[in-house]
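# Structural description and commentary
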Amino acid sequence: MSNSSISYPTVGPFHSVRTRAVATGRQETARREARDLVDRDDDRQVAAFLAGSTRAADILVQRHQRKVLAVVQRMVGDPALAEDLAQEVFVRAFSRLDTYQTGRRFSSWLLRIAHHRAIDHLRRRRPAAVPLEASSRDGEETWEVLEAPVDESSPARRAEVSQMRRSIDRALACLQPRDRSILLLRCQQGLSYREIADVTGQSLGAVKVRLHRARKRLAVELEARGVEVPAAFAPGS
């Protein structure tokens, strides 16, 4: 049989997988380009602030306050305290903004200050668990596994999601502060290993070890509570 008589399908499982892969790649490229634009504008705002622009400070705070508050709140476990600490983070950041190196990610530099401020607090006080609803109100970021809308007409489903959130909070409270911080930076903020290393001041190897340990401990704590471990938190994910 000649090659000209062979008919190759243009649709089917492989075509669908390839189409999804292409779409995912385009989305990732778009996200990366959007992030690069934000990073470049952050650098412009930093320069403007150092030149005396108060408007630049407002832009930077509005752009990054949610992610700072989300990380700090999940670390310290108290919404009101987290707001105070987040304000301290920005005060510290603007007081030392002349030490920021243009070309690095401003958001990572800022989260590093937030990370250290939260760790400093936790050295003096054991954190309490905070409901995830408090972390996600007003559009603040939360973990992907909990972002799916809940069927308001199903009391059973609402109770199930609420119980899962409480279980994750309690499990998180069992982690060492530095391990919890790395888990949050990875799963909540979506930072790369290299970015986490930059934020925490740890080596790349230490970040991977701590993240693996945090996922394993979280999985043990969730399983002890009869909760299936979400894929995002599973060891090896």
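Residues numbered from 1 in each chain as written. Predicted model: local features only at pLDDT ≥ 70, side-chain atom pairs only at ≥ 80, totals over all residues. Heavy atoms only, no water.

## Structural notes on the overall build of the chain
Put simply, the test is: Helix and strand definitions follow DSSP, with helices as H or I runs of at least four residues and strands as E runs of at least two, each counted in order from the N terminus. Contacts are assigned to residue pairs with any non-hydrogen atoms lying within 4.5 Å of each other. Here, Shrake-Rupley sampling with a 1.4 Å probe gives the accessible areas, and only protein chains in the shown set may cover a residue.
Along the chain, the regular secondary structure elements total 9 helices and 0 strands. When its helices and strands are written in sequence order, the chain yields α-α-α-α-α-α-α-α-α. Considering only contacts in the chain between residues 6 or more positions apart, those separated by 24 or more positions represent 65%. For the chain, the exposed surface amounts to about 13,400 Å²; the carbon and sulfur share of it is 52%.

## Some points on the packing of helix 4 (residues 106–124) against helix 8 (residues 193–200)
Stated precisely, the cut-off is as follows: Note on geometry: axes are lines fitted to C-alpha atoms, helical ones only across the stretch in contact, with angles between N-to-C directions running from 0 to 180 degrees. Any angle between 65 and 115 degrees counts as roughly perpendicular, while under 35 counts as roughly parallel, over 145 as roughly antiparallel, and the rest as oblique. Rotating anticlockwise by less than a right angle from the far helix to the near helix defines a left-handed crossing, while the corresponding clockwise rotation defines a right-handed one. Each residue receives one of three labels: charged for Asp, Glu, Lys and Arg, nonpolar for Ala, Val, Leu, Ile, Met, Phe, Trp, Tyr, Cys and Pro, and polar for the others, Gly being one of them.
Remark: helix 4 packs on helix 8, axes separated minimally by 7 Å, with the N-to-C direction vectors making an angle of 50 degrees. Between helix 4 and helix 8, the interaxial angle falls into the category oblique. The interaxial crossing formed by helix 4 with helix 8 has right-handed handedness. Residues Ser108, Leu111, Arg112, His115 and His116 of helix 4 touch helix 8, and the partners they reach there are Glu195, Asp198, Val199 and Thr200. Counted by class, the contact of helix 4 with helix 8 contains 2 nonpolar, 4 polar and 3 charged residues.

## A look at the confidence of the model for the chain
Filter applied, for reference: Per-residue confidence from the predictor is reported as pLDDT, a score between 0 and 100.
For the chain, per-residue confidence averages 77 on the pLDDT scale, and residues scoring 70 or more make up 73% of the total. The element-level mean pLDDT for the chain is lowest in helix 5 (residues 132–136), coming to 40, with helix 3 (residues 79–95) highest at 93. Counted against residues more than four places away or in other chains, residues 127–149, with its pLDDT under 50, gives 55 contacts.

## Brief notes about the pattern of salt bridges
Note the cut-off: Put simply, a salt bridge is a Lys or Arg side-chain nitrogen that is within 4 Å of an Asp or Glu carboxyl oxygen. Partly exposed describes any residue whose relative accessible area lies between the buried limit of under 20% and the exposed limit of over 50%, with all areas from a 1.4 Å probe on protein chains only and scaled to the type maximum.
Going through the model one piece at a time under the given rule, you end up with 11 salt bridges. Where Arg44 meets Asp41, a salt bridge forms, and the shortest distance between an N and an O atom there is 3.4 Å. A residue pair is termed a helical-turn pair when its members lie 3 or 4 positions apart in one helix, as Arg44 and Asp41 do in helix 1 (residues 13–50) at 3 residues. With a shortest N-O distance of 2.6 Å, Arg63 and Asp42 are connected by a salt bridge. Highlighted residues: Arg63 in helix 2 (residues 54–76) and Asp42 in helix 1, separated in sequence by 21 residues. A relative accessible area of 31% places Arg63 in the partly exposed class. The class of Asp42 is buried, set by a relative accessible area of 0%.

## Quick word on the nonpolar core
Convention followed: Definition used in this section: a nonpolar core is a set of buried Ala, Val, Leu, Ile, Met, Phe, Trp, Tyr and Cys residues joined via side-chain atoms within 4.5 Å.
Ranked by internal contacts, the top residues of the largest apolar core, which has 50 residues, are Val68, Met75, Val76, Phe106 and Leu183. Counting only elements with at least two residues in this core, the list comes to helix 2, helix 3, helix 4, helix 6 (155–173), helix 7 (177–187), helix 8 and helix 9 (204–224). Of all the elements, helix 4 adds the most residues to this core, at 9 residues. Not counting chain neighbours up to four residues away, the residues in contact with Phe106 comprise Asp42, Val46, Leu60, His64, Leu97 and Tyr100.

## Quick notes on the environment of Val71
With respect to the secondary-structure elements, Val71 resides in helix 2. Under the relative-accessibility criterion, Val71 is labelled buried at 2%. On a C-alpha basis, the gap between Val71 and Leu185 in space is 7.3 Å, while along the polypeptide they are 114 residues apart. If sequence neighbours within four positions are ignored, Val71 has contacts with Leu111, Leu184, Leu185, Gln188 and Gln189.

## Here we look at helix 7
In terms of burial, helix 7 is largely enclosed, as 8 of its 11 residues are buried. Of the residues making up helix 7, those classed as buried are Asp179, Arg180, Ser181, Ile182, Leu183, Leu184, Leu185 and Cys187. Buried residues along helix 7 sit against helix 2, helix 4, helix 6, helix 8 and helix 9.

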